[in-house]
Amino acid sequence: MIDALFEGLFLVLQWKALAFMLLGIGLGFWVGLLPGLGGATTLALMLPFIYTMQPVEAFAFLLGMHAVVATTGDITSVLFGVPGEGTSAATILDGHAMAKKGEAGRALGAALASSLVGAIVGAFALALAIPVVRPLVLSFGSPELFMLAIVGIAFIASLSAQGVRGMLRGFLAGGLGLFLATVGQDPQAGVARYTLGTLYLWQGLELIPVLVGIFAIPEIIDLVVRGTSIAGTRPSGRISKGAFEGVKDTFRHFGLTIRCSLIGTFIGIMPGMGGAVAQWMAYGHATQSARNAEERKGFGAGDVRGVLGPGAANNSKEGGSLIPTIAFGVPGSTAMAILLGAFFLLGMVPGPDMLSKHLPVTFSMVWTIVLANVITVLACFMFLNRLASLTTVRGQLLIPVILMLVFIGSYTSNNHYGDIVVTLLFGGVGYLMVLGGWPRAPFVLGLVLGKIAENYLYISVARYEAAWLTRPVVLVLIALAIAVILYPLFQSRRRAAHA
Amino acid sequence: MHSKASLSLAVLIMLASGYGIVTAWSWPWKAALFPLVIGIPVFCLAAAEALWTLFGANTPAGQASDFQLSRHLPEKEMMRRTALAIGWMLGFFAAIVLLGFPIALPLFVFLYLKLQGRESWTLSIVFTLVAWGIFYGLFDRLLHLPFPAGWLVAWLGLA
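Everything numeric in this text was worked out from a predicted model, so none of it was measured.

How each quantity is defined
- Residues numbered from 1 in each chain as written.
- Chains lettered and ligands numbered in written order.
- Predicted model: local features only at pLDDT ≥ 70, side-chain atom pairs only at ≥ 80, totals over all residues.
- Heavy atoms only, no water.
- Helix = DSSP H or I, 4+ residues; strand = E, 2+ residues; numbered from the N terminus.
- Rg over C-alpha atoms; globule rule 2.2 N^0.38 Å.
- Buried < 20%, exposed > 50% of the residue type's maximum accessible area, 1.4 Å probe, protein only.
- Contact = heavy atoms within 4.5 Å.
- Buried area = accessible area lost by both parts, 1.4 Å probe.
- Salt bridge = Lys/Arg side-chain N within 4 Å of Asp/Glu carboxyl O.
- Polar contact = N/O pair within 3.5 Å; in protein donor to acceptor, adjacent residues only side chain to side chain.
- Nonpolar A, V, L, I, M, F, W, Y, C, P; charged D, E, K, R; others polar.
- Axes fitted to C-alpha atoms, helices over the stretch in contact; angles between N-to-C directions.
- Parallel < 35°, antiparallel > 145°, perpendicular 65-115°, else oblique.
- Left-handed = near helix turned anticlockwise from the far one by under 90°.
- Patch = residues over 30% accessible without salt bridge, like charges linked within 9 Å, V, L, I, M, F, W, Y side chains within 5 Å.
- Areas by Shrake-Rupley, 256 points an atom, 1.4 Å probe, with all protein chains shown as cover.
- Core = buried A, V, L, I, M, F, W, Y, C linked by side-chain atoms within 4.5 Å.

Enquirer: Hey, could you run me through the overall build of chain B in this one?
Expert: In terms of regular secondary structure, chain B is built from six helices and zero strands. Starting at the N terminus and ending at the C terminus, chain B contains elements arranged as α-α-α-α-α-α. In terms of overall size, chain B is more extended than a compact globule, its C-alpha atoms giving a radius of gyration of 23 Å where 159 residues would be expected to give roughly 15 Å. On the principal axes, the C-alpha backbone points of chain B span a range of 55 × 50 × 30 Å. Residue burial in chain B is summarised as follows: out of 159 residues, 40% are buried. Counted over contacts in chain B with a minimum sequence separation of 6, partners at least 24 positions apart contribute 52%.

Enquirer: I keep staring at the interface of chain B and chain A and nothing clicks. Help me out?
Expert: The interface is formed by 84 residues belonging to chain B together with 77 residues belonging to chain A. Summed over both sides, the interface between chain B and chain A buries roughly 7000 Å², with carbon and sulfur atoms accounting for 76% of that surface. Our enumeration of links across chain B and chain A arrives at three salt bridges. Its salt-bridge partner being Glu119 of chain B, residue Arg394 of chain A comes within 2.8 Å of it at the nearest N-O pair. Here chain B is connected to chain A by ten residue pairs in polar contact (both at pLDDT 80 or more). When residues of the side of chain B that touches chain A are traced back to their parent elements, those giving at least two are helix H1 (2-24), helix H2 (29-55), helix H3 (75-99), helix H4 (101-116) and helix H5 (121-142) of chain B. In terms of residue count, H2 of chain B provides more of the side of chain B that touches chain A than any other element does, 16 residues in total. Broken down by class, the residue content of the side of chain B that touches chain A amounts to 59 nonpolar, 19 polar and six charged.

Enquirer: Explain the pattern of salt bridges here, please?
Expert: Oppositely charged side chains are able to pair whenever their charged atoms sit close together. Residue and element names in this part refer to chain A. Summed over the entire model, instances satisfying the criterion amount to 16 salt bridges over all chains. Salt-bridge contacts for Asp249 lead to Arg106; the nearest nitrogen and oxygen are separated by 2.5 Å. In this pair, Asp249 is assigned in helix H11 (residues 243-252) and Arg106 in helix H6 (residues 104-139), connecting sequence segments 143 residues apart. Note on Asp249: relative accessible area 1%, which makes it buried. Given the relative accessible area of 21%, Arg106 is considered partly exposed. For Asp303, the salt bridge goes to Arg305, with nearest N and O atoms at 2.9 Å. Bridged by salt links that share partners, the residues Glu103, Arg106, Glu245, Lys248, Asp249 and Arg252 form one connected network.

Enquirer: In this structure, what is going on with the packing of H4 of chain B against H5 of chain B? I would like to understand it.
Expert: When two helices pack together, their arrangement is given by the angle between the helix axes and the distance between those axes. Residue and element names in this part refer to chain B. Remark: H4 packs on H5, axes separated minimally by 9 Å, with the N-to-C direction vectors making an angle of 150 degrees. Considering the angle they form, H4 stands roughly antiparallel to H5. Of the two elements, H4 crosses H5, and the hand of that crossing is right-handed. Contacts from Phe101, Pro102, Leu105, Pro106, Val109, Phe110, Leu113 and Lys114 in H4 reach Trp121, Ser124, Ile125, Phe127, Thr128, Ala131, Trp132 and Phe135 in H5. For the contact of H4 with H5, the class distribution of residues is 13 nonpolar, two polar and one charged.

Enquirer: Would you take a moment to explain a nonpolar patch on the surface for this structure?
Expert: Together, Leu98, Trp151, Leu152, Trp155, Leu156 and Leu158 of chain B make up a nonpolar patch on the protein surface, roughly 740 Å² of accessible area in all. Considering every element that reaches the nonpolar patch, the biggest residue donor is helix H6 (residues 151-155) of chain B, with three residues.

Enquirer: Explain the nonpolar core here, please?
Expert: Inside soluble globular proteins, nonpolar side chains tend to come together where they are buried. Of all hydrophobic cores here, the largest spans 80 residues; its most connected members are Phe146, Leu180, Leu205, Phe215, Trp280, Phe443 and Val444 of chain A. It is helix H21 (residues 441-464) of chain A that contributes the most residues to this core, eleven residues altogether. Those residues in contact with Phe146 of chain A that lie beyond four places of it in its chain are Ala453, Tyr456, Leu457 and Trp468 of chain A together with Phe34 of chain B. Listed in part, the 74 residues of the second largest apolar core include Val224, Leu387, Leu405 and Ile408 of chain A.

Shown next as structure tokens:
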């Protein structure tokens, strides 16, 4: 095993593999920065170029590219409040709030350092967990996976706002997300649901236009209203000097970073969950780390822990989602499904062979994830302060550029004007939510999980009828969901009694 | 403002989920199961939020862990600037549909800088050229993304 580990490293460090990895990193860097252009789409676009490559070179190229997309996606989220990737939307809540407080450098430093820690944790999990995780994945059927989705929404809904009223709004936002996920052709009966007679809605609401609208539009309106730069009138010196402080924050809250990395890895392992879910689960956990109501209020207003959690989970989920892909041929996400295609293009079959005959190739993937993230983070730190200074650029210069990226980013989802209409409509919904003090995180998690949850619920009911509710793991997860809902209420009642 | 926005959202959600429930009733159970399982509680929660907003005015609303809009200006001025921002966005969208991205984009950037930003002619022209260069070089030439001609341009036969 140790021999294979080092053999994997040497394979990646061969000049050709290293050159392809650097090429992939370069591509992934820019794809991550541009809103709307997804890592999965780019993976698919690059697939035809690997025909002539050796397996190690091909995986170094593809994984090198994919591993850094989430890292650089955080940069756009922090600086402009526009999600660079669907998987980096959660970073906006506190990362962009920090940028507006003049702490863009610190937020970027924290996002990058936690991404690196997350990537390393995910890679180690990939190296160590394959024999352990097999029984866990195989023991989770549709009922358990459905309940896992419900626990996730309960988790974020109860933690993203305070008090009974806040929780009501959290659940309402989560429910709305789940409900809107039903738009489009139903996968079981083929009924066109809530398509309003348009062909565009047959495939459902695309995630990127919704995310870009709900997060970017309220920020743009606010920037126009303020009439200043993103960082307001703060002196530029402070803004660009906090990158190292962000790195220190990662180690100051190292336990949280590691826990969120493990959450990301776990979500990555679960088939169909993906990075968009992992970041919100991690954000929910980060808010839970607040020791009192006063500290909880800081989340959404620029608490660095709200950057560390999603940053770590985003990158650790890559290692996690590779586990079922490599070991069982079951892709954990869309990107992994495309990567599975690469296996077949290269004449390799995922499964036991990858853990015996091709073990050095498997370890070369682990090393690629680690090296790609180390290289990207080091490269970013070289000009991080200059990036942070962008928050001092006058609003009237930034707004047309941000709007250009927002409209192009959403349009490229389907190359349809409907994408921009969706962005504008959900921009309106996002603005009302912010204005009314509703949390947006549960809505997004509901929308992301909706299709998966529906599928698992349908299979559970069709296969087990009502008996699925009595399965032991389901009962544990129901108890966990109830505990997650009741705990904040119990906590606030206890605080009121003490006061 | 807080409560008006909250009430509007709650009513919108009630209408959407109500329509969803009524429509789903006629579908086969396979298609209706999830919309009903989710839609009914969402309708009830939205109704509770609407009633709470209307009749529970003295109850403080919980603070969301989310970003807060700036409130340093008088409400009238905030409304004016918000309307202006929405107007620019809708105008940009209309220009994209009518003229297509390649024309609408530089036009929007230039007009925004000149009219809203009150920037100098030199800066506005140079900035517009750079923005158009990025759009053309990156999205059109390098990534080959399809940007169709606008409806008006096509109708005039200029595409």
